[in-house]
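# Coordinate analysis (summary)
Residues per chain are reported as follows:
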Amino acid sequence: MAVRRHAFDPAEHGTSYREMANAIRALSMDAVQQANSGHPGMPMGMADVATVLFSQFLRFDPKRATWPDRDRFVLSAGHGSMLLYSLLHLTGYPDMTTEQLRNFRQLGYRTAGHPEFGHAEGIETTTGPLGQGLGNAVGMALGERLMAARFGDELVDHFTYCVVGDGCLMEGISHEAISLAGHLKLAKLIVLFDDNAISIDGSTGLACSDDQLARFRACGWDARRVDGHDHAAVAEAIAAAQQTDTPSLIACRTTIGYGAPNKQGTAATHGAPLGAEEVAAARKQLGWDAEPFVVPEGIAAAWRAVGARGAELSAAWDGRLAAAPAAEQAEFQRRIEGVLPEGLDQAIATFKQEIVAEAPKVATRVASQKVLNVLTGALPELVGGSADLTGSNGTKAAGMKVVSAGDFDGTYIHYGVREHGMAAAMNGLAQHGGLLPYGGTFLVFSDYCRPSIRLAAMMRQKAVFVLTHDSIGLGEDGPTHQPVEHLAALRAIPGLRVFRPADAVETAECWELAIKGEGPSVLALTRQNVPTVRVEHVTENYCAWGAYILAPADGQRQVTLLATGSEVQIALEARRQLKDRGVSAAVVSMPCWELFLEQPPHYRDEVLGPGSLPVAVEAAASFGWHRWVGLDGVSVGMSGFGASGKYEQLYEHFGITAEAVVKAVETWL
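It should be emphasised that the depicted structure is a prediction, and the values quoted were computed from it without experimental measurement.

### Looking at empty space enclosed by the protein
- Taken as a whole and assessed by the stated rule, the structure comprises 4 cavities of 30 Å³ or more.
- Size it by volume and the largest cavity reaches roughly 110 Å³.
- Taken together, 14 residues make up the lining of the largest cavity; nearest its centre are L58, F73, Y93, G122 and E124.
- Sorting the residues of the lining of the largest cavity by element identifies strand 1 (72-75) and helix 3 (81-91) as the ones contributing at least two each.
- Here the residues of the lining of the largest cavity are counted per class, giving 8 nonpolar, 1 polar and 5 charged.

In C-alpha cells:
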C-alpha cells in the first residue's frame, strides 16, 4: 500500500510544527483554566503528534464534515477533549468558534467535558468512558473494509486513526477490540498511544507493568515506539503504519502537560487546571506571547491551510462518485443517507401473513432468524454477528457470507466471546455509515455490553442488540444464565427501545420497528417455544403502539392483564380461567414500554382500563412495573434469582402460571 502523505511545510507560512503544536497547548490550557475544570495534560502532551497527523496525513474537509470517504479521527482518550476542539477550531470547522472554546464545559455550548457525537461537526463518536473509542474505531475500520468490498476503492478508501491513553489500554474492552482487529487484519486502523506513563493516581507503574507493544504484537498488530515530540519520527512511523498488512500501534512517548515547567510529567496536569501562575510560566517556557484564546496570524494561517486542503480532496471524490454507474451511485447514496429500500414493508407483511396461516409454536429466537431470512434479502446494508452464540441466537440468516481477514465481501461477523468489543464495534459500524449492524448474545450477558449500549442510546445510533434466552425459560443452565433484573436495567437507559415480542408475528413487527427507528433497540427473545397469539392477519404494526389490547374483556372490564413475551400466553390462559369464574379480564401485550409512553394519554387509558385491577405478568424482576400497575396493582414475576431445571418446572416453582395469576386476582378482588 502506497504512503498517503500530504506535502506540507509550515515555513511557507512563517511558522514551524512546534509553534503549530503550541497553539493547541495554549488553547487547551486557556480553556481549562477559564472553565476551572478539565484535563490540560493530555492535549499538551499529544499536541505534536496531532499536529503531524492533521497536517501531513489526515484527509478531511472542515466545510463538509460528513464527506463519506474522509479519514476518521477518534479521540478514545476523551478526557483530552480540548485537543480535538482545538484542532477543529484551528482547521476551520465553522461551528467550533473561539466563543465555543471560551465556554469549554459550559451548559449550552458544543465543547462538552468529553466529546459528544452530534454536538459539533468533526466529532466522530462520543468518548470518555475509556476504551470505548478504541472499540468504536475497530468498528469504523471494519465498516470501511465492508463498504470498500461492496463499492470499490474508488468510493471507499480511508484510514481510521485513534488516539488512546494508558487508561484506554488498561480497560478490559481494549483487549477484546485489539484481538478482533488483529484477527481480521484491519490494516487501515492506526492507533496512536499517548504513552506518558501517568494516570490520575500517579505513575502507571503503581498499577500496570504491561508491555503494550508485546501485547499488541501478540494480537497480530504491527507495533513501534517513537518520541512523541519528534515530528519527523512521528511522521515516519505513521507512514510506515500505512504500509503494513495489519493494524498498527504507534506508542508515542510523551510528557504529560508538556511545556508547563513545574507540573509537566506529573499527575498534577492530568485532571485539573494548571493554575494562573503555571499557565504564565508555560507561556514563557513555550515562547507564547499571545493573549488567551488568540493565535498569531502566521500560525493560524498554517492551520487554515491544513483545513482548506480538504475541499480539493472531497471534490475529487465527488468526481469519482459521478463517474460510477448510475445504479451504484443511487445505492451508495441510499445507504449513506440511511434511506430504507422499497419492498421492505411488503416483505414483512407477507411474512406476517404466512405466520398467521401456519400458526407455529416456535421460540421467538427462531422466529427472529426467520425474519432475518426476509430482511437480509431486502436490506443489503444489514451486517450481523454474534459473540460466539450464532446457533443459539439465530443471528445468521440463510445465505449470509462470513467476513474474514482478507475477505470482507460478507455480512456476518464472528465476534468471538467478546460481548463488549462486539457492542462497541457495532456502534462504530453504525457511525461509519452505509451499514446497519445487529449482534447477538444472551440477555444475561447484556451486562457485558451495557456501556456500549448506553453510548449507542446517547448517540442515537441505529444498532440492534439481539438478546436471546430472555428468562428462566432457558431452563437447565440455571441462575447464572437466567436474566432476572436485566429487562429493568435496559429499560432504564434513556433512548433505548426494549422489545420483548410474544410470538413470531410480534417478532417480525419488532424487527420492523428496530430497522425503521432512529436509535438503538434490544430484542429480548425466548429460548423456549411459544404459541402464535396473533391469530388474525393485519397489515398494521400493532407493536408500534408499544402496548395494545390483544384479547378484550367480555363485558365490563374488571381486570387488565399486562404481559410481555412468553408470558402473554400465560395471561391469555388466566383470562380464560377468570372468565370461567365470572371475572371479566382483558389481555394487553406490551412488547415495548418506550413506544407505549409515546402514545397520547387517551390511548394509554384505553389500553390500561382505568378502574380495572391491573396485573403485570413477566418472568423477570417486577422493578418498574409499578409505573403501569400502581401501588395497589399486582405483579406476578421474579423476586430473586432463578434455578437450574426444566423450564416448565421452573415456571411452576416460581409461581409464574395462569393459576398463580388467577389466585392473585381473586385475592385482590
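### A few points about helix 25 (residues 658-668)
- Within helix 25, the full set of buried residues consists of A658, V661, V662, A664 and V665. The buried residues of helix 25 occupy one face: seen down the axis, they fall within an arc of 165 degrees. Across helix 25 from its buried face, at more than 90 degrees, point the exposed residues K663 and T667.
- Tucked inside the fold, the buried residues of helix 25 contact strand 15 (559-563), helix 20 (568-580), strand 17 (613-621) and strand 18 (634-638).

### Observations concerning the packing of helix 1 (residues 17-35) against helix 2 (residues 41-57)
- Direction vectors running N to C along helix 1 and helix 2 enclose 130 degrees, while the axes themselves pass 8 Å from each other. Classified by the angle between their axes, helix 1 and helix 2 sit oblique to one another. Along this stretch, helix 1 crosses helix 2, giving a crossing that reads as right-handed. Between helix 1 and helix 2, the residues in contact are Y17, R18, M20, A21, I24, R25, S28 and M29 and P43, M44, A47, D48, A50, T51, S55 and Q56, respectively.

Criteria and cut-off values
- Residues numbered from 1 in each chain as written.
- Predicted model: local features only at pLDDT ≥ 70, side-chain atom pairs only at ≥ 80, totals over all residues.
- Heavy atoms only, no water.
- 1 Å grid on protein atoms, 1.4 Å probe; cavity = no way out; pocket = protein on both sides within 12 Å on 5 of 7 lines; lining within 4 Å.
- Points joined across faces, edges and corners; volume = space filled by probe spheres on them.
- Helix = DSSP H or I, 4+ residues; strand = E, 2+ residues; numbered from the N terminus.
- Nonpolar A, V, L, I, M, F, W, Y, C, P; charged D, E, K, R; others polar.
- Buried < 20%, exposed > 50% of the residue type's maximum accessible area, 1.4 Å probe, protein only.
- Arc of directions from axis to C-beta.
- Contact = heavy atoms within 4.5 Å.
- Axes fitted to C-alpha atoms, helices over the stretch in contact; angles between N-to-C directions.
- Parallel < 35°, antiparallel > 145°, perpendicular 65-115°, else oblique.
- Left-handed = near helix turned anticlockwise from the far one by under 90°.

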